[in-house]
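# Structural overview for review
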Amino acid sequence: QAAAPLHPVSVQCQEAQMVVTVHRDLFGTGRLVKAVDLSLGSAACLPVAQSAAESTVTFVAGLHECGSIMQMTTDSLIYKTSLSYKPTPSANMVIIRTNAAVVPIECHYPRKGNVSSNAVQPTWVPFYSTLSMEEKLMFSLRLMNDDWSAERTSNGFLLGESLHLQAEVVSGNHVPLRLFVDNCVATVSPDKKSSPRYAFIDLSGCLVDGRADDTTSAFISPRLRQETLQFMVDAFKFAADDRNLIYITCHLKVSPADQAPNPWNKACSFNKASSLWAPVEGTGDICSCCETGNCP
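How each quantity is defined
- Residues numbered from 1 in each chain as written.
- Predicted model: local features only at pLDDT ≥ 70, side-chain atom pairs only at ≥ 80, totals over all residues.
- Heavy atoms only, no water.
- UniProt positions renumbered as here; feature names shortened; annotations may be inferred.
- Pairing = 2+ DSSP bridges.
- Helix = DSSP H or I, 4+ residues; strand = E, 2+ residues; numbered from the N terminus.
- Phe/Tyr/Trp six-rings, centres within 6.5 Å; stacked < 30°, edge-to-face > 60°.
- Buried < 20%, exposed > 50% of the residue type's maximum accessible area, 1.4 Å probe, protein only.
- Lys NZ or Arg CZ within 6 Å of the ring centre and 35° of its normal.
- Axes fitted to C-alpha atoms, helices over the stretch in contact; angles between N-to-C directions.
- Salt bridge = Lys/Arg side-chain N within 4 Å of Asp/Glu carboxyl O.
- Contact = heavy atoms within 4.5 Å.

- Under an unreviewed UniProt entry, the chain has the name Zona pellucida sperm-binding protein 3 and belongs to Bucco capensis.
- According to the UniProt record, the Sequence similarities (unreviewed entry) comment for the chain reads "Belongs to the ZP domain family. ZPC subfamily."

## A few points about the sheet that holds strand β13 (residues 218-219)
- Judged by pairing direction, the sheet is antiparallel, and its four strands sit side by side in the order β9-β10-β14-β13 without closing on themselves. Only two strands of the sheet have a single partner each, and these edge strands are β9 (138-144) and β13.
- Pairing of β13 with strand β14 (residues 228-234) involves two bridges; the strand directions are antiparallel. Bridge pairing in β14 places Phe219 opposite Phe231.

## Points about the packing of aromatic side chains
- Inspection of the entire model under this criterion finds seven aromatic pairs.
- Relative to Phe236, the ring of Tyr198 has its centre 5.4 Å away and its plane inclined at 80°; by these criteria the two rings are edge-to-face. With a gap of 38 residues between them, Tyr198 in strand β12 (residues 197-201) and Phe236 in the loop between β14 and β15 (247-256) connect regions that are remote in the sequence.
- According to the relative accessible area criterion, Phe236 is partly exposed, its value standing at 21%.
- Geometrically, the ring pair formed by Phe236 and Phe238 is edge-to-face, given 6.4 Å between the ring centres and 85° between the ring planes.
- Taken together, Tyr198, Phe200, Phe236 and Phe238 form an aromatic cluster joined through their ring pairs.
- Over the face of the ring belonging to Phe157 we find Arg152, whose NZ or CZ atom lies 3.9 Å from the ring centre.
- Cation over ring: Arg211 sits above Phe270, and NZ or CZ is 4.2 Å from the ring centre.

## Some points on the sheet that holds strand β2 (residues 17-23)
- Reading across from one edge, β1-β2-β5-β4 is the order of the four strands in this open sheet, with antiparallel pairing throughout. Of all the strands in the sheet, just β1 (9-13) and β4 (49-51) have a single pairing partner and so form its edges. Neighbour-to-neighbour, the strand axes of the sheet open up by a mean angle of 15°, direction not taken into account.
- Direction of pairing for β2 relative to strand β5 (residues 56-62): antiparallel, over a ladder of seven bridges. Bridge pairing in β5 links Val22 to Val57.

## As for the pattern of salt bridges
- Taken as a whole and assessed by the stated rule, the structure comprises nine salt bridges.
- The partner of Glu151 in a salt bridge is Arg142, with the nearest N and O atoms 3.7 Å apart.
- With a relative accessible area of 44%, Glu151 lands in the partly exposed category.
- A salt bridge links Lys253 to Asp182; the nearest nitrogen and oxygen atoms lie 2.8 Å apart.

## What to know about the side chain of Asp37
- By the secondary structure assignment, Asp37 is in the loop between β2 and β3 (38-40).
- The class for Asp37 is buried, based on a relative accessible area of 7%.
- Apart from the residues within four sequence positions on either side, Asp37 is in contact with Ser84, Tyr85, Lys86, Pro87 and Thr88.

Put into structure tokens, the structure is as follows:
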């Protein structure tokens, strides 16, 4: 895992080629890998450019080049390749200090798009704009410190403390979006379907853990911005399991920001003072199914 908060490999999916930029601090340790140890695809294509100032290496390859594989689905064309890092010993050395790595790379293109010509001026959004909007939708879920100012450096908690969780989406050039947490489940293994399991957000956005008598779990209202949703959950462990490690898996989704929240897209907390469910935004009736359990 990278120790530094960087994204060492970035990909631009262009109309007929992909551009892969690799930061030589590939593992986030401050130790730069050698450019000659990097290659693209099964054909082991070499980089076309290198920036010493930015410590980056750039590959440019046609969608059908470097041994890429094309997969067709009902709606998409997917071009798959991989970035390979194979460390070689330095001069007069018989050791290496890094592991080999393979980074899967995919470019997705809609199978159905519009075309344009010089003779006809289209009134619809050009194909390349549509592609750009579909590419850049990145979700994240992070543990934050108590004042929400930064990501928490430790993932250890004592019973009685609260987990501060922040869900976020980076939408790039997409239309304005509003983020929701559809559900969250805690398990003692990475498999979200394993047992024991505890769903503390359920029913399309109901923070059901806050309904228990001894909790203060709730969504934070109002939001910082539409693309972010923060919520607090009181720390817990499984009663019938001696392990103190739990895994949290959440399903995040978005809707257009100009679409009013509804029973499908909502963020509802239980207010113990009023004994009512209340949404972060929208009318109170969208949360009524949190009590009945009959959410769509």
